[in-house]
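These are the residues of each chain, in order.
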Amino acid sequence: MYGLSERRGLGAAVAGAVRQSGAIGALGIVVALFGLLTSRQDYLLEGATAMTFAIAATGLGLALGLSGEYLLGQIAVFAIGAYTTADLTANRHWSFWPACVLGVVAASLAGLVISVVGLRISRFYFALVGFFLVYLIPDLTQVADSQTGGGAGLAVPDLPSFFGHELRNRGMFFLALVALLLSLVLVQNVRLSPLGIQMRWMRVAPLSLATFGVRVWRVRLATYVLSSALAGLGGAIYSHLSGYLLPDDFDLNTTVLLFAAVVVGGATSLLGPTVGIVLLYVVPRLVINVSGYSDIIYGAVVLISVVVFRDGVDRFVREGAAKAWWWIVHRVRRVPLRRAASTVDERQSGVSATASAVVPNVDELADLLMGLRDDSVTRRGSLVIRGARKAFGGVVALVMDPDDVVAIEPGRVHVLLGPNGSGKTTLLNALCGVFELDSGSVSVGGDVVNGVSATRLARLGVSRSFQSPQFPVEMSPVELLSGSLVTMRRLSYLHWMSSDLAATRARRDATDFAARIAAMAGLETAMNRPCSGLTSGQRRILDVLLALVTRSSIVLLDEPAAGLSNLERRQLGDLIRALAARGMGLLAIEHDLDFALRIADEVTVLANGRRLAHGRPDEVRADPLVRTALVGGAGV
Amino acid sequence: MELGGAVVSGIAIGSVYALIALGFSFIYRTTGSFNFAQGQIVTFGSLISYSLYVSAGVPALAAIVIVAIAAGALGAIVERVAIWPLASRGDDTLTWLISTLGVAVLITGFAERVWGTIPLGVPNYVGPNVIHLGGQINLATPYLIGIGSVLVAAAAIEVSQRFTIWGKAMRATADNRQAVALAGVNVIRLGVVSFAIGGALAGIAGFVLAPITFADSTAGMSFAVLAFAALAIGGFASHWGAIFGGWLVGITESIGGTYAGLQYQDIFVFGVLIVILLIRPEGLTGSRNVRLV
Amino acid sequence: MSDLVIESVVAGYGGTDVLRGVSLTVRQGECVGIIGPNGAGKSTLLKVISGQLRIRSGHRRLLGKDATSWPAYRMAAAGVRWVGEPRPIFPSLTVRENLEIGGMTRRGVWDEQFKRVCELLPVLGQRQQETAAQLSGGQQQMLAIGSALMSAPSFLCFDEPSIGLAPSVVNVIAELVSQLVSEGVGVVWAEQFLDVVLPRCSTVALLRSGEVVERGATSEFTRERLEDAYFG
């Protein structure tokens, strides 16, 4: 795939996977040593409890940290797992293991139900629903008191047994540890899989995700179910720790605990939630043990941690180090400012380098990009919009005449010009299915696709870039590009979850390929750094690349050259021409007249939602109507 | 007539939820954030009312003023400790969600420490305990105070936000905080003011509630959840949405409690909330807030 | 004394210094163009001037007073207004309300300034009852500028006002700037594209990699010389 050798980098990939698992292994060893060496039963019990919370928090990390979904009801799902398992062993005398499995299943089903609600409502409302669920736990246990014991609680007398051995405190400690480590490995694999990258996209720009051809609802559903399954696992083990289950175990404090653990530990990091639990649960419980003031201390610890570690412990440490370095350079070593600054610059370069970045060979880049596409896609035909009309709440955005046509044909570059508010972006949004037209039609290769979703259209071969691109800022350009590439491989989730050789290899190839493309597009200085550090020009280039790294035959670019330097513009223009020469159909919205007319085969000029002119660049340039519309007078 | 009675007492208790919801929506519309400790400020208001009115014998009228000031101060403190230290981060809702919840835990712990966990009874502030509305429908006077205060509060907020420059500035802050600062206004001070006003509203709600539900240091979360539900049902678009939502929550609770039993009343509210959010995610009076994809 | 002065300022984000000892003086009644390639620190410089970014070392002085540690709202209240991305407007408020907020710090001159803004930018007067969200991108930019003018500022910072706007809108803005300058307002205008800025400014400062590499009267800057400077 991608014309690179399959064998290359396989060893390195395995080594990388081992390295990534290193932190999990180290955590396992430290905790296991503690479990073996301590003789205090209360430490074992609290430790096991903390680990069940850590499992749930790790699951919440997927939903909250990666996907940005406010699953405030995680502790209610945890309770469902706990009560299901406890009911089966205590009331129905099941053995622990099948009961535990059923607890996880029940929790996952709860996640599925929650996801149906979550598909429809957003952030705060969703947070409220979760919060409400937690609030209802005492009422619900009352209603189902024959299963749950109601407010009086449920005794869970039987201990799980493992090959004939009853798991007492130390046994349960290790059971919780094994479950935690397995959960971390699973989550690690999910994070590296296409799903994990899609989750991050969903957080910052769900619309982008849809225009990549990903079904957003499936990503959301997978997020909830995975997150809930882990909460259920934590709950199932929790139910057998203290021998007694009370509705009060799952209250505001535990809700806050899980949420705060994810935020404090570092929302987007793998081990963050576990670190957060250590900080917010283990430390207050074991280190500061003042009875009677526990709520006050706990509230204060949460508050102070969130304020101090608002970006997570990991960012706190990293930025602290950076600040310390700055201070040392400026104050302690008394280096003249100018020189000190340049040492900083060498480490954080990429600012001035972009202006002189040169695409070595535009044709080579175009070949690589076109190599992603197979013939069936490129032969699909033109994207055509006819007689488009659209109004938003009474404000008319597009009023084209019924026979006015804008067509994006394979092998041609169509440029859309027009003053602000003339309807260019509206037209582009209608073309890629972001919303439906009031009247008029959109068709792909002759088939009418009115009302077809952005996701479906992306799968029919239409992709786009955005006017103000947004990325999951913690990821690097290479990671984002390779995430998009890897999605195309259509490996089943089993491969990704187990992170087997096929998955590792796919990831490795995609990373190599992504790095090559990024370097060729002039991003090499920035390609392995988080996107938060990109300049506006680099963001623009990355967004255009993301639209190109697909199987699409038609690519729509919303102001691709805005904010680029003259040199970058020239290179972008060359790339667009080279792609068109290889059969791609492109539409570009532009403001810069010279640039637009240089790259275009065909130009449409919009003004006040109408088609003002249409034709070859030289015809449009000569049109006096167009001159007044673009240079002076109209539109303001 | 049981139904009529349930509806009337539902509207009455709903008015108190609406009062709390008004505080929520006021803070939200001004600062773009929610104060999740709002429910705890309500209990704080109730407990102070107990201390003033029952223990110290302060007249009701003086007590309500002191409660409003104290709760307003607590709201301002919440802003100082849970919002202000995070303000430099700009638009990140997640952290203050947690930090205000942390404060909620802290206030609960503090209240339990000072007033204990046993609910404290507060006698009615004025006049006869019950007013007969005809038939068998009766209304306790404290409820009447609740209905009155929520209407007055909503009208006052509405007028100030439409017609005064500071009210407009508060709406503007909800839109674009940085731009208000760039117009030369100290938005941090504006945020403290709105938290104080929200806190005062919650405190007044606590004062009104004390004779109805007793002053209960552990009840904070239920007020927060139900008022938040009222807001979601009514929609954020206007203050009338909060009132309407509060009444609906109150009526649902009271009918559910009357006919199905107390443990079902909030499950009913939850059901209504889910159904309404599924049909109209933006709430009954709100502008669109539905997910695009 | 009627100056806005930035003196060897170091400022940046996280562990990076974007500006490394930049000095700049803007007098009332002059337009200073800040030009430079992408990522040179133009936006950062304007954020420093308008108080939106903390100064790590160096000084800022406004009309003779030390303003180094003033936050953005204080700079704005003292007459330094900023227009850039994201646009400082309020989408859900009406155009008129936007302007009222814009003039909040100087309510004494409200009527006078409102009349003037409606003269300079007639579209705002015509659409004053509509919400800002209903305006087109160019009109929103006009609104941002109009709001800034409501307080009769002494200094205006424009951070690439032309980006994403049609040439006709840019022309309107440019003419407005010329007029404001002739009335004694000091303008700092950052742009990447030379042809937009050069004709309007009396002085130009060329920024590269966080330093002012050249500064002088506009007439001294030929296009060729600037292009050389851009691409080194």
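Residues numbered from 1 in each chain as written. Chains lettered and ligands numbered in written order. Predicted model: local features only at pLDDT ≥ 70, side-chain atom pairs only at ≥ 80, totals over all residues.

Draft legend 1. The overall build of chain B, seen in detail. Summing up its helical and strand segments, chain B has 11 helices and two strands in all. If you list the helices and strands of chain B from N to C, you get α-α-α-α-β-β-α-α-α-α-α-α-α. Taking 2.2 N^0.38 as the reference for a compact globule, 293 residues should give roughly 19 Å; the C-alpha atoms of chain B span a radius of gyration of 19 Å, in line with that estimate. Viewed in the frame of its principal axes, chain B has a C-alpha envelope of about 60 × 50 × 35 Å. Residue pairs in contact within chain B that sit at least 24 positions apart in sequence constitute 76% of those at least 6 positions apart. (Helix = DSSP H or I, 4+ residues; strand = E, 2+ residues; numbered from the N terminus. Rg over C-alpha atoms; globule rule 2.2 N^0.38 Å. Contact = placed C-beta atoms within 7 Å.)

Draft legend 2. Representation of the sheet that holds strand S13 (residues 585-589) of chain A within the structure. All names here are of chain A. Spatially, six strands are ordered S11-S12-S13-S8-S14-S15 in an open sheet, and the strand pairing comes out mixed. Each edge of the sheet is formed by a strand with only one pairing partner; in this case those strands are strand S11 (462-464) and strand S15 (610-615). Between one strand and the next, the sheet's axes are offset by a mean angle of 20°, whatever the strand orientation. Pairing of strand S8 (residues 413-417) with S13 involves four bridges; the strand directions are parallel. (Pairing = 2+ DSSP bridges. Axes fitted to C-alpha atoms, helices over the stretch in contact; angles between N-to-C directions.)

Draft legend 3. Here's a closer look at the interface of chain B and chain A. Chain B puts 39 residues into the contact, and the matching count from chain A is 34 residues. If you list the elements that add at least two residues to the side of chain B that touches chain A, you get helix H3 (60-83), helix H4 (93-115), helix H9 (220-234) and helix H11 (262-279) of chain B. Ranked by residue count, the leading element in the side of chain B that touches chain A is H4 of chain B, at 15 residues. Of the residues belonging to the side of chain B that touches chain A, the class tally is 26 nonpolar, eight polar and five charged. (Nonpolar A, V, L, I, M, F, W, Y, C, P; charged D, E, K, R; others polar.)

Draft legend 4. Geometry of the packing of H9 of chain B against helix H10 (residues 239-260) of chain B. All names here are of chain B. Taken N-terminus to C-terminus, the directions of H9 and H10 make an angle of 120°; their axes are 7 Å apart at the nearest point. Between H9 and H10, the crossing angle belongs to the class labelled oblique. For H9 against H10, the interelement crossing comes out right-handed. Residue-level inspection shows Leu226, Ala229, Ala230, Leu231, Ile233 and Gly234 of H9 in contact with H10, the latter providing Gly241, Ala242, Phe244, Gly245, Gly246, Leu248 and Val249. Residues that form the contact of H9 with H10 fall into these classes: nine nonpolar, four polar and no charged. (Parallel < 35°, antiparallel > 145°, perpendicular 65-115°, else oblique. Left-handed = near helix turned anticlockwise from the far one by under 90°.)

Draft legend 5. Up close: the packing of helix H2 (residues 41-66) of chain A against helix H11 (residues 252-265) of chain A. Residues and elements named next belong to chain A. With their axes 9 Å apart at the nearest point, H2 and H11 run at an angle of 60° to one another. The angle between H2 and H11 falls in the class oblique. Judged by the sense of rotation from one axis to the other, the crossing of H2 with H11 is right-handed. Of the residues in H11, those in contact with Phe53, Ala56, Ala57, Leu60, Gly61, Leu64 and Gly65 of H2 are Leu257, Leu258, Ala261 and Val262. Considered class by class, the residues forming the contact of H2 with H11 number nine nonpolar, two polar and no charged.

Geometry only, nothing functional implied.
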